[in-house]
Structure formats: structure tokens, C-alpha cells
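Descriptive analysis of the structure
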Amino acid sequence: MTTTPRPTTTPGPTPTGTAPAVPATADRILTGDRPTGPLHLGHYFGTLRNRVRLQNEGVDLFLVIPDYQVLTDRDVAERLSEHVEGLVLDYLAAGVDPARATVFTHSSVPALNQLLLPFLSLVSVAELGRNPTVKDEIAHSRQAAVSGLMYTYPAHQAADILFCKATLVPVGRDQEPHLELTRTIARRFSERYGPVFPEPRTLLSEAPLLLGTDGTKMSKSRANSIALKASPDETARLIRGAKTDATRLISYEPELRPEVSNLVLLAALCQGRDPHEVATGIGDGGASALKAAVTEAVNTHLAPLRARRAAYAQDLGYVRQLIREGNARANAVAEATLDEVREAMGTFR
């Protein structure tokens, strides 16, 4: 196998909000992304850049690629390996270092998935069904019927978090119910069988929510996002089609002008500037000048990332080896945890 050199990467500045400090007592963080398509600017400014910062500060970072969970999406499942490899390429391009972070697919960690069975016995069907993320996934699944796997999503995510005894989980506010159910499962397991799992704390992201090109939340499933791997021309085309308003004077007023303010914020994030300063600089140039400025800012900021991604993509054998090594590390941790679970439950190995 040819080893691709690791590029030197440092996270860019965060102009709006301060990245949350990690408590000195934190020893492990679990986070990840579903392999349903390429990561986009919302992922990058919302979580990915902060993960690289945490990694570089020495935090024990576990990155799960929950590939079993996307079996609920037939069109994605048919290209699953391609999506997994693409996700890892995005991680590497952004600066995730597999020597300091454990990147793994949970389908390759049997002991992790075995935790799902006792965890499901600790929650009710009603608790699973009223989870906001499950409701949102069902609403956007575009399927006539929803599989039983969809309802296990919160318990499966709890297994992802608890198998490695993560103490902190970075989430947005819309994902807090997931972590609350994870804490509930950890607490109920302790009450029934004895203490094995910590109750992980929430590490809320200070990153602002980026809207998609249609003015709603940026999401892979809504076809309104700008992928990190998008070409400069594709990026320009997507930004040209972004929703704005009829007022020519550009201002940063998120409550009154959400679509225009979102584009201003995107340029500010890419340039490390205050969004009000960006808006003032564009002045009465209108939507056309705004979109031109955003396009230049995004393409300039992402150029090094895209170059690194293209370099890594030349050697997918290296990428697959990194996944195998991450799976091996995760397996060792999961087996140790499962042994503790068996002992607490009084089951035979």
C-alpha cells in the first residue's frame, strides 16, 4: 500500500461565537456523521472544524460512521461503501488525523451492535417514537412505509456513544433529545444491573445554523447544500441560485432577512470577519454583488481542503486501511465494554 502524506492542517478562525471549551475532566468525545452523501458547509462550520480543534488539543476523539443506520434509505444503501469512503475523504481533507482520532464504521464493531439488544429493553416504543430526530427522518424519508430499524435509531446512537464510555458529545440543540435518551439508558442500566456506563454530558456547539440555498436548514436530504468537494464552478452555480430578497442594500439582520444574512454569515465565516463588516462592504451592491462575494470567499477558503481531498482520493487503498485500523481500535474498546456488560448482567460469554 502506498502511504499518502498527511497535509499540515490548522482549523480556520471562527468569527461568530467562541468554540466551547472542553472541561479538563473530559477524557473521551464521540461524534460522527451518517454516510448519506458528501459533507457540506453546514457540517464544516457546525461541527467538523471544531472536531479538528478538539483533536489538536489532545482530546481522545472517536468518530463513528453509522453505516447500519442508513439501511433505512434504499438509494443510499446501494452505494454505501462509496459514501463511507467519501466521508473519510472529507474528514482527512478537513484535518482529522487518524493517528490521533479513531475513525470507524459501526457495522464493523460487533460488540457495539450487541449492546443494542439490552439497550432496547430499557426504553419504551413511545420513547423511541417521539424522538424529534426520528420524526424528522421519517418526514423526509420519501418512503411509503418506515422500517423498524428507523425506530431503533436513538438506541443505536446510545450504543455508539456508550460503547466507548464517551463523557462528552458535541451536538446542536436540535440533537439534545438524543443525548437525553442516551443518559436515560445509561442510568436505567446502572439501576437494573450496576454501574458500567457514564452519563455523557452535552457539548453544545456555538456555531450558527447555516441555511441551505432554499432558505431552509442546510441538509443533504433536502438537496440544498454546498458540498465541501464541490468544484468552484458548481459552488458558484449553487450560490447564484440561493434565495435572497428584493432589498438592494445588504445588511446582516438574521431575524428580518434570514436568507441574505445567511449568505453574509457564510462569507464572514470563510474570511474570519464580522458579518456586519462584510455586509457594510457590499453596501447597495444588491444580491448579485453579495453572491459574487460569497462565491469568492467560499472557493478561496475551501481551495486547500479540496486539494487535500483530491490528493487522498488518488489512493483509496490508503483510505480503506485507515478505516480498518480504526475499526480494530474500536473493536478492542467495544469488547472490553461488552465484557463488563456481561458480567453486570450475569450472562455467559
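Computed from a predicted structure; not experimentally measured.

Analysis parameters
- Residues numbered from 1 in each chain as written.
- Predicted model: local features only at pLDDT ≥ 70, side-chain atom pairs only at ≥ 80, totals over all residues.
- Heavy atoms only, no water.
- Salt bridge = Lys/Arg side-chain N within 4 Å of Asp/Glu carboxyl O.
- Buried < 20%, exposed > 50% of the residue type's maximum accessible area, 1.4 Å probe, protein only.
- Helix = DSSP H or I, 4+ residues; strand = E, 2+ residues; numbered from the N terminus.
- Core = buried A, V, L, I, M, F, W, Y, C linked by side-chain atoms within 4.5 Å.
- Contact = heavy atoms within 4.5 Å.
- Polar contact = N/O pair within 3.5 Å; in protein donor to acceptor, adjacent residues only side chain to side chain.
- Pairing = 2+ DSSP bridges.
- Expected span 1.5 Å × (residues − 1).

Take the pattern of salt bridges next. Going through the model one piece at a time under the given rule, you end up with 15 salt bridges. As a salt-bridge pair, arginine 53 and glutamate 57 come within 2.7 Å of each other at their nearest N and O atoms. The class for arginine 53 is buried, based on a relative accessible area of 18%. Between arginine 187 and glutamate 199 there is a salt bridge, and its shortest N-O distance comes to 3.2 Å. Linking arginine 187 in helix α10 (residues 176-193) with glutamate 199 in the loop between α10 and β5 (201-204), this pair joins segments that are twelve residues apart in sequence. The partly exposed category is assigned to glutamate 199, whose relative accessible area is 39%.

Bringing the nonpolar core into the picture now. In terms of nonpolar packing, the biggest core is built from 59 residues, with Leu41 and Tyr91 touching the most fellow members. Other than its neighbours up to four places away in sequence, leucine 41 contacts Gly46, Leu210, Met218, Ile226, Leu228, Leu266, Val298 and Leu302. Counting residues in each nonpolar core, the second largest holds 35 residues, with Leu112, Ala159, Ala166 and Val171 among its members.

Attention now goes to the side chain of aspartate 90. Considering the arrangement of structural elements, one finds aspartate 90 in helix α3 (residues 80-94). There is a polar contact of 3.0 Å between the side chain of aspartate 90 and the backbone nitrogen of leucine 39.

Take the pairing of strand β4 (residues 168-171) next. Here β4 shows two buried faces, one formed by Leu168 and Pro170 and the other by Val169 and Val171. With four bridges joining them, β4 and β5 adopt parallel strand pairing. Among the inter-strand pairings, valine 169 is bridged to a residue of β5, identified as threonine 202.

Before going further, it helps to examine α3. End to end, α3 covers 21 Å across 15 residues, agreeing with the expected 21 Å (1.5 Å per residue, within 8%). One or two positions beyond α3, positive phi appears at glycine 95, with a value near 115 degrees.

Along the chain, the position of glycine 283 falls in the loop between α13 (275-282) and α14 (286-313). A C-alpha to C-alpha distance of 8.3 Å links glycine 283 and arginine 248, two positions 35 residues apart in sequence.

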